[in-house]
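# Results of the structural survey
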Amino acid sequence: MQTSFRSLLVALVAVLALGACGKDDKGDKAAKGAETPPVSVRIVNFEFKPQKVVAKPGTKVTWTNEDTAIHDIKDTSPLATPVGTEMGKGDTFSITYAQPGSYSYICGIHNYMTGSVEVAP
């Protein structure tokens, strides 16, 4: 009887140990460089909200014009990202920031409207 109990205990420990070696999908995705979530910037009342965003490399930043006035996104950083086209109400413009750095921008139509994207690993 004692041998059966001991065998059962050894088998139970082995099953628990093997179960702990299972695959963790979340960890695997992180290790493979899972996609970073997008960042949104709203254009409201002639302001970028938020005015400054922080993101990781590979992040897609999307601006949405919620004003009735036309706006655009013009990069003023030395990194020369693409210039956005004029956006009417409800229009969007996106840039995916691949490299770390500080990306400042303005509305090319209303140059007092300023913002920045800080990309850091």
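Residues numbered from 1 in each chain as written. Predicted model: local features only at pLDDT ≥ 70, side-chain atom pairs only at ≥ 80, totals over all residues. Heavy atoms only, no water.

Within this structure, the stated rule accounts for 4 aromatic pairs. Plain terms: the ring middles of W63 and Y105 are 5.1 Å apart, the flat faces sit at 80° to each other, and that makes the pair edge-to-face. Taken together, the positions of W63 in strand 4 (residues 59–65) and Y105 in strand 7 (residues 101–106) put the pair 42 residues apart, joining distant regions of the chain. An aromatic cluster is built from F48, W63, F93 and Y105, whose rings are joined through pairwise contacts. (Phe/Tyr/Trp six-rings, centres within 6.5 Å; stacked < 30°, edge-to-face > 60°. Helix = DSSP H or I, 4+ residues; strand = E, 2+ residues; numbered from the N terminus.)

Let us look at unusual backbone geometry. Across the chain, the bulk of peptide bonds are trans and the bulk of non-glycine residues have phi less than zero. For the bond running from K49 to P50, omega is -5°, close enough to zero to count as cis. With respect to the secondary-structure elements, P50 resides in the loop between strand 2 (47–49) and strand 3 (52–55). Here the phi dihedral of N45 falls at roughly 50°; this positive angle occurs in a residue that is not glycine. Tracing the sequence through the fold places N45 in the loop between strand 1 (39–44) and strand 2. Judged by relative accessible area, N45 falls into the exposed class, the value being 55%. (Buried < 20%, exposed > 50% of the residue type's maximum accessible area, 1.4 Å probe, protein only.)

Another aspect to go through is the sheet that holds strand 2. Strand order across the open sheet formed by 4 strands is 2-1-4-6, with mixed pairing between neighbours. Lying at the two open borders of the sheet, with one neighbouring strand each, are strand 2 and strand 6 (92–97). Looking at each pair of strands side by side, their axes are set apart by 20° on average, direction ignored. Bridge analysis of strand 4 against strand 6 gives 6 bridges, and the strand direction is antiparallel. Pairing of V61 across the sheet is with I95, part of strand 6. (Pairing = 2+ DSSP bridges. Axes fitted to C-alpha atoms, helices over the stretch in contact; angles between N-to-C directions.)

Shape descriptors only; they carry no functional weight alone.
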